[in-house]
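Structural overview for review
Chain residues, written in single-letter form:
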Amino acid sequence: MSVYITEDTYQIMKELGRRIQKERLCQSITPQELSLIAGVSLKKLARLEQGQGANLTNFINVLRALNYIENLDLLVPEAPLRPTEQIDQKAPHERKRATTRQRSVNRRETWKWGDEE
């Protein structure tokens with residue numbers, strides 16, 4: 001089952017709980033082991049898996065115990081920088097190579113067409 005925008009909060013919580021339970025079973029972890037690893041009581045883990053709600057700390061601890069913490073970036077991706085923020089973050093222009101010395105301004109030669117004698 002997929003999570004849809006039109007679903008109410010309770011249905012989404014049930015789906016997330018089902019997915020956590022499925023992942024726990026796929027990794028062959030008992031509820032007692034997961035609650036111990038995650039630092040969450042067995043009762044709170046059962047409520048989470050049943051979709052009856054849990055606080056954010058317990059949810060994150062369970063995801064971490066299941067090695068799914070990196071997936072939080074997918075849940076709430078970081079907002080891209082606005083163009084003005086990108087300009088502010090750019091480092092000052094750094095020189096990449098040395099330039100040749102320029103001729104002094106005082107040493108001007110008269111310009112010629114090339115056909116003079």
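Source: prediction; values computed, not measured. (Residues numbered from 1 in each chain as written. Predicted model: local features only at pLDDT ≥ 70, side-chain atom pairs only at ≥ 80, totals over all residues. Heavy atoms only, no water.)

1. Quick notes on the environment of Ala46
In plain terms, the rule: Secondary structure elements are taken from DSSP: a helix is a run of H or I of four residues or more, a strand is a run of E of two residues or more, and numbering for both begins at the N terminus. Summary of the burial criterion: residues with accessible area below 20% of their type's maximum are buried, those above 50% are exposed, and those between are partly exposed, where the area comes from a 1.4 Å probe applied to protein chains only.
Checked against the element boundaries, Ala46 lands in helix α3 (residues 42-49). For Ala46, a relative accessible area of 30% puts it in the partly exposed group. Distance from Ala46 to Gln21, taken between C-alpha atoms, is 9.0 Å for residues 25 residues apart in sequence.

2. Things to note about α3
Quick note on the threshold: Directions from the helix axis toward the C-beta atoms define the arc. Two residues form a contact once any of their heavy atoms are found within 4.5 Å.
Buried within α3 are the following residues: Leu45, Leu48 and Glu49. In a view along the axis of α3, the buried residues occupy a sector of 95°, so they form one face of it. Buried residues in α3 make contact with α1 (9-26), α2 (31-38) and α4 (56-65). In the stretch just after α3, Gly51 is the one whose phi turns positive, near 75°.

3. Observations regarding the pattern of salt bridges
This is how it is decided: Counted as salt bridges are all cases of a side-chain nitrogen of Lys or Arg within 4 Å of a carboxyl oxygen of Asp or Glu.
In this structure the tally under the stated criterion is three salt bridges. Put simply, Arg19 and Glu15 hold a salt bridge, and the shortest N to O gap is 2.8 Å. On the criterion of helical spacing, the pair formed by Arg19 and Glu15 is a turn pair, its members being four residues apart in helix α1. The network of salt bridges with common partners includes Glu15, Arg18 and Arg19.

4. What to know about α4
Every buried residue of α4 is listed here: Asn58, Phe59, Val62, Leu63 and Ala65. All buried residues of α4 project into a common sector of 160° when viewed along the axis, lining one side. Opposite the buried face of α4, at more than 90 degrees from it, the exposed residues are Leu56 and Thr57. Of the surrounding secondary structure, the elements contacted by the buried residues of α4 are α1, α2, α3 and α5 (72-75). Immediately beyond the C-terminal end of α4, within one or two residues, lies Asn67, with a positive phi of roughly 60°.

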